[in-house]
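Each chain is listed here by its residues.
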Amino acid sequence: MSNGFTDKLKGAGNKIKGEVKEEIGKNTNDPSLQLDGQRDQLKGEAQERVADVKDKITTKIDEYRK
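Q: I would appreciate a short explanation of unusual backbone geometry in the present structure.
A: Most peptide bonds adopt trans geometry, and most residues besides glycine take a negative phi value. Positioned with a positive phi, Asn-29 is a non-glycine residue whose angle comes to about 55°. Secondary-structure assignment places Asn-29 in the loop between α1 (4-27) and α2 (31-65).

Set out below in structure tokens:
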């Protein structure tokens, strides 16, 4: 299982990739590419939220162990 930091990096990468795809899709009038870009951005958002949850769980576990 990857840690929160790794998920945040993956999420940021997918968001950037999605923004680029969506912009290219708009400029080339390609709705399919626009949609693909939006999907990548949503995937990135989800990965970042998963990372936040993992970080919170890790923090709680560390607090419990003290």
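Q: For this particular structure, what's the right way to read the packing of α1 against α2?
A: For any two helices packed against each other, the geometry is given by the interaxial angle and the distance between the axes. Following both chains from N to C, one finds α1 and α2 inclined at 165°, their axes separated by 7 Å at the closest point. On the basis of their axis angle, the class for α1 and α2 is roughly antiparallel. As α1 packs across α2, the resulting crossing turns out to be left-handed. For the contact of α1 with α2, a count of residues per class yields six nonpolar, eleven polar and 17 charged.

Q: I'm lost on the pattern of salt bridges in this one. Help?
A: Oppositely charged side chains are able to pair whenever their charged atoms sit close together. Under the definition given, this model contains eight salt bridges. Lys-8 serves as the salt-bridge partner of Asp-55, at 3.4 Å between the closest nitrogen and oxygen. Of this pair, Asp-55 sits in helix α2 while Lys-8 sits in helix α1, and the two are 47 residues apart along the sequence. The partly exposed category is assigned to Lys-8, whose relative accessible area is 34%. What emerges from the salt-bridge pattern is a single network uniting Lys-8, Asp-52 and Asp-55.

Calculation criteria
Residues numbered from 1 in each chain as written. Predicted model: local features only at pLDDT ≥ 70, side-chain atom pairs only at ≥ 80, totals over all residues. Heavy atoms only, no water. Helix = DSSP H or I, 4+ residues; strand = E, 2+ residues; numbered from the N terminus. Axes fitted to C-alpha atoms, helices over the stretch in contact; angles between N-to-C directions. Parallel < 35°, antiparallel > 145°, perpendicular 65-115°, else oblique. Left-handed = near helix turned anticlockwise from the far one by under 90°. Nonpolar A, V, L, I, M, F, W, Y, C, P; charged D, E, K, R; others polar. Salt bridge = Lys/Arg side-chain N within 4 Å of Asp/Glu carboxyl O. Buried < 20%, exposed > 50% of the residue type's maximum accessible area, 1.4 Å probe, protein only.

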